[in-house]
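# A look at the structure
As a plain string of letters, each chain reads:
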Amino acid sequence: MTHHKKLTAIAVLMTISSLANAANTGIDLIANEKPIDTPKNAQAAAKIPANFKFVNPGYLTVAVAVLGSAPPFGLFARDNKTVIGSEADIARLVADGLGLKVKLVPASWEDWPLGVTSGKYDAAAYNITVTRDRKTKFDFATYRQDTLGFYVKSTSKITSIKSAPDIAGKRIIVGSGTNQESVLLAWDKENQAKGLKPFTPIYVTDDAAATLALQSGRADAQFGPNVAYAYRAKLTGNTKLVGIVPGGWPKTANIAFTIKKGNGLVDAVQASINSAIANGSYLQVLDRWGESVEKIDHSEINPPGLGD
């Protein structure tokens, strides 16, 4: 079996395992296939710029995390084609509030930035953190807090990774171009200035490859979205949490619906999110995916983020 086929087979098995063992997490993936809808909000819809051209008329076309991702952000339903997950649910709430249908497009992390700026997608809901650099190209409407977690193999002797010295000499799985990579690189710079050993970043293409690297001992730890890794740890028992860091280290940061800079849609999106927060459908979504620990009271446009 080739390396690619082996990873694909493992990914399929992980999806089947997730469906079979959903009760262990308190998350019912089968029940969660049913969409949560919210009413159109006339005030939010009125904020859509006049003559705004959506990628698909009558639809909000949103790039979402499925390929190479992990629950609860995105996964396929039992039919292996319907996209479900917390990001899909948030995108649907935004579209509903604007009086639109939603078109969910599975995309890779590398694809969404160009896809949004080029007009391939109207927006992206991809667990994207607000950062100073991203705000030069995108507008953001926040919908969740961002927390990052360090996870190790359940049998690992590592008990704590919470600050820069703790990563010295370690091999850590991290997504390329992510805010968590920025945190690790900043910590590594501090460490090397003090004469500590550099850390080794390990970049993988999907969740199955990350699991293989961690369980085989090729990596010491994995650093990324805490709710996703907490879900997996509870589901499998193969990993454990050893540290949490604010997503905007050293400050807090939020996850946001991401739109092309300056096209005017962000005000409507923010109003739609706030409508969903007010009517309770927003919290329903977070609760059913185990994300309520990261809830926010109201959506903000382009708040301070990582690097500000």
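Now for a look at the structure at hand.

### A closer look at the pattern of salt bridges
- Scanning the entire structure with this criterion turns up 12 salt bridges.
- Of the charged contacts, one joins arginine 78 and glutamate 33 as a salt bridge, the two residues approaching to 3.0 Å between their closest N and O atoms. Placement of arginine 78 in the loop between strand 2 (75-76) and strand 3 (83-84) and of glutamate 33 in the loop between helix 1 (3-20) and helix 2 (42-45) is noted, with a sequence separation of 45 residues between them.
- Relative accessible area serves as the criterion here: at 53%, arginine 78 is assigned to the exposed category.
- Counted as one network, the salt bridges with shared partners bring together Glu87, Arg144, Glu291 and Glu294.

### Notes on the sheet that holds strand 1 (residues 59-65)
- Taken in spatial order, the 5 strands make up an open sheet running 4-1-5-12-6, and their pairing is mixed. Each edge of the sheet is formed by a strand with only one pairing partner; in this case those strands are strand 4 (101-107) and strand 6 (138-145). If you compare each strand with its neighbour and ignore which way they point, the axes differ by 30° on average.
- Across 3 bridges, the pairing between strand 1 and strand 5 (residues 123-125) is parallel. Considered in strand 5, the bridge of valine 62 is made with alanine 123.
- Sitting on the sheet, helix 8 (residues 266-279) is in contact with strand 6 and strand 12 (254-260), with an inclination near 15° to strand 6.

### Focus on the packing of aromatic side chains
- Applying the stated criterion across every chain, the model contains 9 aromatic pairs.
- Between tyrosine 151 and tyrosine 229 the ring centres are 5.8 Å apart and the planes differ by 85°, which places this aromatic pair in the edge-to-face class. Here tyrosine 151, found in strand 7 (residues 147-153), pairs with tyrosine 229, found in helix 7 (residues 226-236); they are 78 residues apart in sequence, far enough to count as distant. We note that tyrosine 151, like tyrosine 229, is buried.
- Plain terms: the ring middles of tryptophan 187 and tryptophan 249 are 5.7 Å apart, the flat faces sit at 85° to each other, and that makes the pair edge-to-face. Taken as a pair, tryptophan 187 in helix 5 (residues 179-193) and tryptophan 249 in the loop between strand 11 (239-246) and strand 12 lie far apart in primary sequence, 62 residues in all.
- Take tryptophan 249: its relative accessible area is 25%, and that puts it in the partly exposed class.
- Among the aromatic residues, ring-to-ring pairing joins Trp109, Trp112, Tyr126, Phe138 and Phe140 into one connected group.

### Some details on unusual backbone geometry
- Omega for the bond connecting tryptophan 249 with proline 250 falls within 30 degrees of zero, at 5°, which places this linkage in the cis form.
- Phi at asparagine 51 takes a positive value of approximately 65°, unusual for a residue other than glycine.
- Take asparagine 51: it is sitting in the loop between helix 2 and strand 1.
- Using a relative accessible area of 74% as the deciding quantity, one classes asparagine 51 as exposed.
- Positive phi is not limited to glycine here, since asparagine 127 has a value of about 55°.
- Note that asparagine 127 resides in the loop between strand 5 and strand 6.
- With a relative accessible area of 12%, asparagine 127 lands in the buried category.

### A closer look at the pairing of strand 7
- Counting buried residues in strand 7 gives 5 out of 7 residues, a clear majority hidden from the surface.
- Inspection of the sheet shows strand 7 paired to strand 11 by 7 bridges, in the antiparallel sense. Among the inter-strand pairings, tyrosine 151 is bridged to a residue of strand 11, identified as leucine 241.
- Here strand 7 runs beside strand 10 (residues 221-225); their pairing, made up of 4 bridges, is antiparallel. Bridged to phenylalanine 150 within strand 10 is phenylalanine 223.

### Some remarks on the nonpolar core
- Of all hydrophobic cores here, the largest spans 46 residues; its most connected members are Leu60, Phe257, Val269 and Tyr282.
- The dominant element in this core, judged by the number of residues it contributes, is helix 8, at 7 residues.
- Apart from the residues lying within four places of it in its own chain, the contact partners of valine 269 are Val94, Leu98, Ala141, Phe257 and Ile259.
- Core analysis: the second largest hydrophobic core is formed by 17 residues, Leu148, Ile172, Phe223 and Val245 among them.

### Some remarks on helix 3 (residues 86-97)
- Compared with the 16 Å implied by 1.5 Å per residue over 12 residues, the 17 Å span of helix 3 between its first and last C-alpha is a close match.
- Burial runs high along helix 3: 12 of the 12 residues are buried.
- Listing the buried residues of helix 3 in full gives Ser86, Glu87, Ala88, Asp89, Ile90, Ala91, Arg92, Leu93, Val94, Ala95, Asp96 and Gly97.
- Looking one or two places after helix 3, you find glycine 99, whose phi comes out positive at around 75°.

So, how was this worked out
Residues numbered from 1 in each chain as written. Predicted model: local features only at pLDDT ≥ 70, side-chain atom pairs only at ≥ 80, totals over all residues. Heavy atoms only, no water. Salt bridge = Lys/Arg side-chain N within 4 Å of Asp/Glu carboxyl O. Helix = DSSP H or I, 4+ residues; strand = E, 2+ residues; numbered from the N terminus. Buried < 20%, exposed > 50% of the residue type's maximum accessible area, 1.4 Å probe, protein only. Pairing = 2+ DSSP bridges. Axes fitted to C-alpha atoms, helices over the stretch in contact; angles between N-to-C directions. Contact = heavy atoms within 4.5 Å. Phe/Tyr/Trp six-rings, centres within 6.5 Å; stacked < 30°, edge-to-face > 60°. Core = buried A, V, L, I, M, F, W, Y, C linked by side-chain atoms within 4.5 Å. Expected span 1.5 Å × (residues − 1).

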